[in-house]
Amino acid sequence: MRRLMGSIIEADKLSKLYPPKTKAVDGVSFNVEEGEVFGFLGPNGAGKTTTIKMLTTLASITSGTAKVAGFDVKHESARVRESIGVVPQELTADDELKGVENLMLLGKLHHVPQSEMKEKARELLRLFDLEEASERRVRTYSGGMRRRLQMAMGLVHSPKILFMDEPTLGLDIQTRTKVWEYIKKLNVSGLSVFMTTHYLEEADSLCRRVAIIDHGVIKVLDTPARLKERLGGNVLILEVSNGVDLSEFLRTIPTVSDVSRDGHMYKIKLPKTEDAIPAIVDGITSRGLKITQISFLKPTLDEVFLEVTGRTMREEEGEAQESWVQNVNIGRSSS
Amino acid sequence: MLTSGGRQADLLGDLSALTRRALLKWIRNPAAVLPGFFTALFYIALFGNSFNPTGIVPSNINGFQLTSSELEEVKTAILSQTFGGAATYISYLTAGIICLILVFNMAFGGIDLVLDRQLGFLNTILAAPISRASIYFSGVIQNMVKAMALGFITFAVAILLPNGLMLGKGFGVVDFVGAFGALALLAFALSCVFTALALSVKSIDSLVAIVNFATFPLVFTSTALFPAADFPSWLKAISNFNPITKACNAARLLMINGMLSSSQQISFGWDLAYLAAFAVAMGVVGYLAANKALAPR
């Protein structure tokens, strides 16, 4: 990951009210550091896309302030647009144009000099493995190719920060993993990324920090590791061969925070590390006891999400996917 | 205007990039281009013949039998007195049909812009540092180019049809430019209105509903299909202010007469001035409406 320099996004009490009374975003404040991949998680209608729209100048700000790349979103929107790349949820590449023509069009609209444009397009087509398909019309592309082209279109003018709204929604696991690789590669090259996602493993794998937003309010904001620690950390479940009470011994091990016993079963909480496991196993076996069952549970962002929003992410994934497919179908069938 | 890193906001560059994209899409889609030719053919050949008013003159009126030469005389008199001296009804009708094609193509041409909004393309370009005016004017130009191309096709079809458009004596390049100049002013004005409308609505259904509501009265209160001489006075008054009437009259005057008399030149000049003023007014109104529609909400 790139060395962090300063804030590329500064949002202060950002709010969006849709008349008459719908408060889509309600006073959110956060900073995104330069070089960081920042994830925005939340249930449907939580305010994720509205926040992206405000930060990318596509929606007006009702109150509060936001700076992107050092420019005020409200008063210096043209400067903000020059600094950002946007990869929307929809696949907006033009079906009737070739892949390379879509890139050239976006390059022209971002005023990339003609002399640089061809080389830049070639570089992006190579990066996203689209060289061979570049002269084909986009209507012949698969979903994964369209998504990759969409990412390339967001990068054609070398933005300082890339906004990605659900970058892997609707993609199969294999293509999704490939997109993650691209995002990691881009971040290593120095690009800051602000992304929303419904896939918690995606946020866990890509984001240095994540914010969970619900009903327009940021509920938690931290690194995925620290968010998981808040739930009490890792849990080791043991079953031993006889009923001797080992609770006292287990509590003496430094990284054990809590022990509960139910007959032969022990539930041991290990907030920070798994280093204690060998010590626990050694201690039990040296007492001549046998471990008959052992399992180790790591809390996931799914559990954090459930605790914060009261819903599981799986329900959200289903709804998001369904609504995305419907939107795409409506769009394509009308064309 | 400097935008960043030495990159210049370039209205003409943005305009040409967006317009080129729209026209490439149009040209590459034969389903969008070919029907234009057949529409022109159907309007001129079918409408022009089936609604031909000289064809309904009876040869026997209350037992009074007209000879074929008398019948021809009556038809010629109708054409010269009511239809501005046109040699055939199609000669009168052509300018009107071109106007009709312009109106309907302008009105429904906005569907592409609504789709751009629905498919997210509009947001993609709104997040780019381009002038909002270029989005509006590229919509205006692409609509105009598409509709005017159909206008030229209609003109050619009308000339090639037997007993079709018979141009006035001396009709030359200047007259052609004059006739299509008047039609282009109408096309520009309509394109401004319908582009702004298409950028303002959220769905194709809304656009179609509004367009259907607006276009039919616009066409039927004009002289596109029939002269105003026999209109009731209230309809005549409306028709007189209708820009379609002005464009039809101006283009028709040149197509039917070729060389214009001085009084016809004055009449043509007034129609052209009216259309120019209307085009400027609609350009400004459309621009303001489009600017509002494209502003972040």
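Above: the structure in question.
Owing to the predicted nature of the structure, the values given are computational and were not obtained by experimental measurement. (Residues numbered from 1 in each chain as written. Chains lettered and ligands numbered in written order. Predicted model: local features only at pLDDT ≥ 70, side-chain atom pairs only at ≥ 80, totals over all residues. Heavy atoms only, no water.)

Novice: Teacher, can you tell me more about the overall build of chain A here?
Specialist: Helix and strand counts for chain A stand at twelve helices and 14 strands. Principal axes of the C-alpha set define a box for chain A whose edges measure 75 × 45 × 40 Å. Classification of the 335 residues of chain A by burial places 53% in the buried group. Relative to all contacts within chain A whose residues are 6 or more apart in sequence, the contacts with residues 24 or more apart total 69%. Roughly 14,900 Å² of accessible area belongs to chain A as shown, and the carbon and sulfur atoms make up 49% of that amount. If the 46 positive side-chain charges of chain A are averaged to one point and the 47 negative ones to another, these points end up 3 Å apart. (Helix = DSSP H or I, 4+ residues; strand = E, 2+ residues; numbered from the N terminus. Buried < 20%, exposed > 50% of the residue type's maximum accessible area, 1.4 Å probe, protein only. Contact = heavy atoms within 4.5 Å. Areas by Shrake-Rupley, 256 points an atom, 1.4 Å probe, with all protein chains shown as cover. Lys, Arg positive; Asp, Glu negative; His and termini not counted. Charge placed at Lys NZ, Arg CZ, Asp CG, Glu CD.)

Novice: Just to check I follow, could you spell out the sheet that holds strand 1 (residues 7-18) of chain A for this structure?
Specialist: Strands in a sheet are paired, the pairing made by backbone hydrogen bonds, and the direction either parallel or antiparallel. Residue and element names in this part refer to chain A. Here four strands make up an open sheet; going across it, the order is 2-1-4-5 and the pairing antiparallel. Looking at strand neighbours, the two that pair on one side only are strand 2 (22-33) and strand 5 (71-72), the edges of this open sheet. The pairing of strand 1 with strand 2 spans nine bridges and is classified as antiparallel. Looking at strand 2, one finds that L17 is bridged to K23. (Pairing = 2+ DSSP bridges.)

Novice: Can you help me understand the interface of chain B and chain A in this one?
Specialist: By convention, interface size is frequently given as the accessible area that disappears when the constituent parts associate. Counting from both sides, the interface comprises 30 residues of chain B and, opposite them, 37 residues of chain A. At the junction of chain B and chain A, the tally comes to three salt bridges. A salt bridge links D94(A) to K25(B); the nearest nitrogen and oxygen atoms lie 3.1 Å apart. Connecting chain B to chain A are nine residue pairs in polar contact (both at pLDDT 80 or more). Elements supplying a minimum of two residues to the side of chain B that touches chain A: strand 1 (2-4), strand 2 (7-8), helix 1 (11-28), helix 5 (111-118) and helix 6 (121-126) of chain B. (Salt bridge = Lys/Arg side-chain N within 4 Å of Asp/Glu carboxyl O. Polar contact = N/O pair within 3.5 Å; in protein donor to acceptor, adjacent residues only side chain to side chain.)

Novice: Hey, could you run me through the pattern of salt bridges in this one?
Specialist: Between side chains of opposite charge, a pair can form when the charged atoms approach closely. Residues and elements named next belong to chain A. If you walk through the whole model with that rule in mind, you get 20 salt bridges over all chains. Across the salt bridge formed by R137 and E96, the nearest N and O atoms sit 3.2 Å from each other. One end of the pair, R137, is in the loop between helix 4 (114-127) and helix 5 (143-155); the other, E96, is in the loop between strand 6 (84-87) and helix 3 (99-109), with 41 residues separating them in the sequence. The class for E96 is buried, based on a relative accessible area of 11%. Across the pair D129 and K178 runs a salt bridge whose closest N-O atoms are separated by 3.8 Å. Taken together, the positions of D129 in the loop between helix 4 and helix 5 and K178 in helix 6 (residues 173-188) put the pair 49 residues apart, joining distant regions of the chain.

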